[in-house]
Each structure stands twice: as structure tokens, then as C-alpha cells.
Amino acid sequence: MSDRRIKPKYEESSLDLPMTPMIDVIFQLIIFFMCSIQFKALEGKLLSYLPKDKGGCGGDPPYIEEVRVNLIYNQTKPPLLTDIKIGQNPVRDWDELYNKVSVLWADIRTQAIKEEDIKPFKIDASDKIPAQAVVNTLDVLKRAGVAKIEFAVKPPK
Amino acid sequence: MKIKRLAPLDNVGFNMTPMIDVVFQLIVFLMLAVDFTNLDLEFVRPALSTQAREDFPPPPDRLTVNIVHRLPDGVTDCPQYRYEKDKLVHPCQIDAHWKIIVRGQDMNDAELLRTLKIEADLDREPVTEKNLHPASNRYLIIRPDASAPAYMIGKVLEACGNKAVKIWRTEIGARNPGATD
């Protein structure tokens, strides 16, 4: 038998994959995610429940037992533009506020006979005070263990 | 010895068209079914608070009131509002730059009160002889930008305390600097 090469019936096929559709799909996905995803800052919350049985009643006269934290606008003190006072007594910074509030709260708890006797601490912020200052105050009061906190609102005109 | 030769293999390249069709089907399905956005949330730089607790899971049907810094039409830059590396450097004191936004809608005081009343009425304690103006069971979270003026928060709280609204379960959005992703 003559030595003859057996010619294959078919050409050997190449197994190359067309990549163009895959790249198109990847671009579609990238554009879709770029348009739809929104990254938002991880957030928490501070519970600041209002008193359930009364509406806004600003303008209450301050009682002796009431502790009012006043946040007063001072534009010479960036970034929070805030002077802090407990009643009329100035407070140097947030740490001092925490120390004083802790002592006051402990005193009030000791003196109160019933839970209902404890007057809430009031946060009275000037109009222009940034929210961060209000949140800092809330932060300090909660850290000190104050259970009753209210926000002072202006009396209706 | 005769060596049996096998017939050469057929073309084994596979057809990409069905795969692309399936992928497009998946894309369309995901685009329609998944809501990556949350219309209630506006972009704010929340205040930092070490006492902020994790907001998960959020109460059902909670209302979100955003207090955002948004420039009016025609204004391209705010001369005051400045952050550096996510830290507040100077707050914006310009009233016209601050908006209260609920569900994507910019609201004035009257609109806010009206909206809160409608929402509060959806879930309210029953009216009784002793309680003619019962409180609402709805939750509400106020998401102020850290430099938003305090009177804006006061406006929202005042509206919540209104006799016709009486939403008392209010929360303030803040970011715990110790929280990690």
C-alpha cells in the first residue's frame, strides 16, 4: 500500500470565541451600575421622641428644677459658631458640659421621689446654630444618662 | 496492522447568541425589579454622634424629612458652606440655601404641615371621649445636614408637635464615627 496521507475530511476548526458581544455586555452592565448606584453615608439615628401628650408649648417659664442647655450663636467661633450655657452659666466646651450635666442629672435623680417629678432637660438653640451643635448636645446628654430631653421651641406668634 | 482512524471532530465552537440574550434578559429584569435608589433619602452630610445607634431595621413606613443644602436656581456656589476631608469648616448661614425635602419634594412650612398631617392620619390611635386628638403611631426621622441651621430642625419638630399631626416618635439622623461598613 502506498504511503499516502489520509486527508482529513474537514478542516481543523479553530476554537476562537468572538469576544465582541461579551465586551458589549460588560459595557452595558458598567453603564447601568454607574447610573443606578448611589453611595450614601452610613447613618445611625438618635431617638428624640417628643412628649406624646402635648404639642409644641414653647414659652414655658423656666422652673428652678428645669435644666436648660442654651446654645447661643457666636460667629467668632467656627465651625460650630456656638457658645454653650447651662441656664445663664457659661460652659467652656463639650467635655465641661458633660461633667456638669452628669452631676446635675445625678442630683436630680437623687432628689426626685417619683419618675414624673423629674423635669426634662431642655435644649434651647439659637436659630443659626448648626445642627452638629444640637446633635453634640444631644450626644452629651445621652452619654450622661439623661433620660428626658426636650427641644425648646419658640412660642407661636 | 490497520490503525483505525477516527473521523475528525466536528466544529466545537459554541454559539454565544443565546448567552447574550439571557444576559440581556437578566439586565432588563434587574433594572425593573431592583430599586437601588431610595427616593426618600437626599444627599446630606450627617452630623457625627457617638451615641447614634444603628438604624437597622428601620421602622416600617417611616417618614423621612431631609434638611439639605441646595443652591437656588442661578446660584453656582455657596461662599460659606465648606467641608474639608469630611469635616465641617464653616456652615452656611444663608436661609435661601436650606430646603426641607420630603420624598423628593421641596416643602415650605404649610406644605410640610399638610403632608405630615396626611401621613400621620394614616396610622393614628382611636379617638375616644378622653382623647379627642390622639397621637399618631408613625415614625419620622429628620436627616439634617450637619451644618443645617437649628431653626430648620425646630420647624420640623414644631410641625410634628402640631395638634393635627402629633407624630411623637421622632428620630434624628446622625452618623456614628465609629461605625464601619
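Further up the page is the structure itself.
Residues numbered from 1 in each chain as written. Chains lettered and ligands numbered in written order. Predicted model: local features only at pLDDT ≥ 70, side-chain atom pairs only at ≥ 80, totals over all residues. Heavy atoms only, no water.

S.K.: Any chance you could break down the overall build of chain B for me, citing the residues and the numbers?
M.R.: Tallying secondary structure elements over chain B gives 3 helices and 9 strands in all. Secondary structure elements of chain B, listed N to C terminal, follow the sequence α-β-β-β-β-β-β-β-α-β-α-β. Projecting the C-alpha coordinates of chain B onto the three principal axes gives extents of approximately 105 × 50 × 35 Å. Burial analysis of chain B (181 residues in total) assigns 40% to the buried set. Considering only residue pairs separated by 6 or more positions, chain B has 73% of its internal contacts joining residues 24 or more positions apart. (Helix = DSSP H or I, 4+ residues; strand = E, 2+ residues; numbered from the N terminus. Buried < 20%, exposed > 50% of the residue type's maximum accessible area, 1.4 Å probe, protein only. Contact = heavy atoms within 4.5 Å.)

S.K.: Report on unusual backbone geometry, specifying residues and quantitative values.
M.R.: Residue and element names in this part refer to chain A. Cis geometry is adopted by the peptide bond preceding Pro79, which originates at Pro78 and carries an omega value of 0°. Tracing the backbone through its elements, the reader meets Pro79 in the loop between strand S2 (68-73) and strand S3 (82-86). Positive phi, close to 50°, is recorded for Leu81, a residue that is not glycine. Among the secondary structure elements, Leu81 is positioned in the loop between S2 and S3.

S.K.: So what's going on with the packing of aromatic side chains? Which residues, and what values?
M.R.: Under the counting rule described, the total for this entry stands at 4 aromatic pairs over all chains. A centroid spacing of 5.7 Å and a plane angle of 75° characterise the contact between Trp105 of chain A and Phe121 of chain A, whose relative ring orientation is edge-to-face. In this pair, Trp105 of chain A is assigned in helix H2 (residues 94-111) and Phe121 of chain A in strand S5 (residues 121-125), connecting sequence segments 16 residues apart. Like Trp105 of chain A, the residue Phe121 of chain A is buried in the burial classification. An aromatic cluster is present here, built from Tyr81, Tyr83 and Trp98 of chain B joined pairwise through their rings. One Lys or Arg, Arg143 of chain A, reaches over the ring of Tyr98 of chain A and ends 4.4 Å from the middle of that ring. (Phe/Tyr/Trp six-rings, centres within 6.5 Å; stacked < 30°, edge-to-face > 60°. Lys NZ or Arg CZ within 6 Å of the ring centre and 35° of its normal.)

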